[in-house]
Amino acid sequence: DTALAYLMNNVLSDENARQPALGSLDPFDIERPVGARSGRSTSGTEIWAVGYTPNRVAAVWVAGRPEDTTLGRSPRIAASLWNALMRVATQDLPPDGWLVPAGITIVDVCDPSGLLPTRDCPAVVSEVFLSGNEPAQADTLYRRVAVNRETGFLATVYTPASLVEERVFMVLPEKALEWAKSAGIAAAPTSYDAIQSLQVNPNVHIS
């Protein structure tokens, strides 16, 4: 199916998705659209890199001695060899990408939920979907709440208006709170602001 093939091309050509494994200097970058993947054996003695353009595909496999486990820590070795090979193989070809076929829809979504953006969404990205599978629900991961900017607690009708401030928080399930804390993501307050003592005018008395 051409639409499903395009979706897979889009996934495998995502440079940002390769960064955790290969670092910011992507060895699969040959200045043209590339779908690619690298890997290694469980023993760490074999590494490989497979990548393709619309016109060329190449695979590089590198193996070491059984006692040599350093290859497993360097997946960039195979990818760098692949880079040199593909630059030569594609040097006389136009840097074309993949044409968007029928059955594909590109939609702006909120990152990372993948739902439709709201005014509270801090990052909006374009995502590719098979037509009919686009998100229809607005994002629920980010929520705007009113807090007392001095105490950080949820504002109430008793909070002085001058201290009320709207803030956007990532609202996560209970099981994700520890992760959010370790990642430095501020959790939305769950406690309400204390009732402020009222200003009393000694010259006024209602009975």
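Residues numbered from 1 in each chain as written. Predicted model: local features only at pLDDT ≥ 70, side-chain atom pairs only at ≥ 80, totals over all residues. Heavy atoms only, no water.

Chemist: Quick question: what am I supposed to make of the overall build of the protein here?
Modeler: If you tally the helices and strands in the protein, you get four helices and seven strands. Scanning the protein from its N terminus toward the C terminus, one meets helices and strands in the order α-α-β-β-β-α-β-β-β-β-α. Whereas a compact globule of 207 residues would reach a radius of gyration of roughly 17 Å, the protein reaches 27 Å, over 25% beyond that. The C-alpha extent of the protein, read off along each of the three principal axes, is 95 × 50 × 25 Å. In the form shown here, the protein has an accessible surface area of approximately 13700 Å², with 55% of it arising from carbon and sulfur atoms. Charge centroids of the protein, computed over 16 positive and 23 negative side chains, lie 5 Å from each other. (Helix = DSSP H or I, 4+ residues; strand = E, 2+ residues; numbered from the N terminus. Rg over C-alpha atoms; globule rule 2.2 N^0.38 Å. Areas by Shrake-Rupley, 256 points an atom, 1.4 Å probe, with all protein chains shown as cover. Lys, Arg positive; Asp, Glu negative; His and termini not counted. Charge placed at Lys NZ, Arg CZ, Asp CG, Glu CD.)

Chemist: What am I meant to see in the sheet that holds strand 2 (residues 46-52) here?
Modeler: Strands belonging to one sheet form pairs held by backbone hydrogen bonds; the direction of such a pair is parallel or antiparallel. Ordered in space as 1-2-3, the three strands form an open sheet in which the pairing is antiparallel. Edge positions in the sheet fall to strand 1 (35-40) and strand 3 (57-63), since each of these pairs with one other strand and no more. When strand polarity is set aside, the average angle formed by the axes of neighbouring strands in this sheet is 5 degrees. Pairing geometry for strand 1 and strand 2, over six bridges, is antiparallel. Note on strand 2: the bridge partner recorded for Arg40 is Ile47. (Pairing = 2+ DSSP bridges. Axes fitted to C-alpha atoms, helices over the stretch in contact; angles between N-to-C directions.)

Chemist: Mind showing me how you'd approach the packing of aromatic side chains here?
Modeler: One pair of aromatic rings is described through two measures. These are the centre distance and the angle between the planes. For the structure shown, the criterion picks out two aromatic pairs. Their ring planes at 65 degrees and their centres at 5.1 Å tell us that Phe28 and Trp82 sit as a pair that is edge-to-face. Highlighted residues: Phe28 in the loop between helix 2 (15-22) and strand 1 and Trp82 in helix 3 (residues 76-89), separated in sequence by 54 residues. Taken together, a centroid distance of 5.7 Å and an interplanar angle of 70 degrees make the contact between Tyr52 and Trp98 edge-to-face. You can see Tyr52 sitting in strand 2 and its partner Trp98 sitting in the loop between helix 3 and strand 4 (104-110), a full 46 residues away along the chain. The class for Trp98 is partly exposed, based on a relative accessible area of 22%. (Phe/Tyr/Trp six-rings, centres within 6.5 Å; stacked < 30°, edge-to-face > 60°. Buried < 20%, exposed > 50% of the residue type's maximum accessible area, 1.4 Å probe, protein only.)

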